[in-house]
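Descriptive analysis of the structure
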Amino acid sequence: MTVTDHSQELLNVAAQAAADKLAHDIIAFDVSEVLSITDAFLIASAANDRQVRAIAEEIEDQLREQLDIKPVRREGEREGRWILLDYLDIVVHVQHSEERSFYSLDRLWKDCPEVPLPADAVATRNRPENAVTDAAGNAVSGLPEDES
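Okay, so let's go over this structure.

So, how was this worked out
Residues numbered from 1 in each chain as written. Predicted model: local features only at pLDDT ≥ 70, side-chain atom pairs only at ≥ 80, totals over all residues. Heavy atoms only, no water. Helix = DSSP H or I, 4+ residues; strand = E, 2+ residues; numbered from the N terminus. Expected span 1.5 Å × (residues − 1). Buried < 20%, exposed > 50% of the residue type's maximum accessible area, 1.4 Å probe, protein only. Contact = heavy atoms within 4.5 Å. Polar contact = N/O pair within 3.5 Å; in protein donor to acceptor, adjacent residues only side chain to side chain. Salt bridge = Lys/Arg side-chain N within 4 Å of Asp/Glu carboxyl O. Axes fitted to C-alpha atoms, helices over the stretch in contact; angles between N-to-C directions. Parallel < 35°, antiparallel > 145°, perpendicular 65-115°, else oblique. Left-handed = near helix turned anticlockwise from the far one by under 90°.

1. Some words on helix α2 (residues 49-67)
Between its first and last C-alpha, α2 extends 27 Å over 19 residues, near the 27 Å set by a 1.5 Å rise per residue. Within α2 the residues assigned to the buried category are Gln51, Val52, Ala54, Ile55, Ala56, Glu58, Ile59, Glu60, Gln62 and Leu63. Tucked inside the fold, the buried residues of α2 contact α1 (5-20), β2 (40-46), β3 (73-75), β4 (82-86) and β5 (90-96). At the N-terminal end of α2, a side-chain oxygen is found 3.2 Å from the backbone nitrogen of Arg50, two or three residues along, and the residue is Asn48. Looking one or two places after α2, you find Asp68, whose phi comes out positive at around 55°.

Take a look at the structure:
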């Protein structure tokens, strides 16, 4: 079994939304062979709690606007360190960089096939953790204030 076309569409929208909010290290794994509860995991990271929340909100907004779908479960909003969005067909993990390093979901699921994502999402694997965002998590130009 592989990721369905519907799941791929969800992943593409979610990954692009995360990339637009400057998430880094966006990756998706096809877990359909080892889990019966979902087709794929999408994992994205952010350098701070505010950005974790902004990325998760943008993913929710874009999936609702483009595909008219809402998560059946959302966890971790209060802490903002690891937000899980469960769409049944896919599960999105938006993690603070420290949580991502500690829990190492990438290593846990490394034996599962990687799912292709939009070019903007793939490019985030080289994005620095300190990419500059405004209060809403939007990308802004220039250097961080302490580097100006």
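2. With respect to the pattern of salt bridges
Tallying each qualifying case throughout the model produces 10 salt bridges. For Arg73, the salt bridge identified is with Asp86, shortest N-O distance 3.6 Å. Here Arg73, found in strand β3, pairs with Asp86, found in strand β4; they are 13 residues apart in sequence, far enough to count as distant. Taking relative accessible area as the criterion, Asp86 reaches 11% and is therefore assigned buried.

3. Looking at the packing of α1 against α2
Where α1 meets α2, the axes come as close as 8 Å, and the angle between the chain directions of the two elements is 135°. Taken together, the axes of α1 and α2 lie oblique to each other. Considering only the axes of α1 and α2, their crossing is right-handed. On the side of α1, the interface is formed by Glu9, Leu10, Val13, Ala14, Ala17 and Ala18, while α2 contributes Ile55, Glu58, Ile59, Gln62, Leu63, Gln66 and Leu67.

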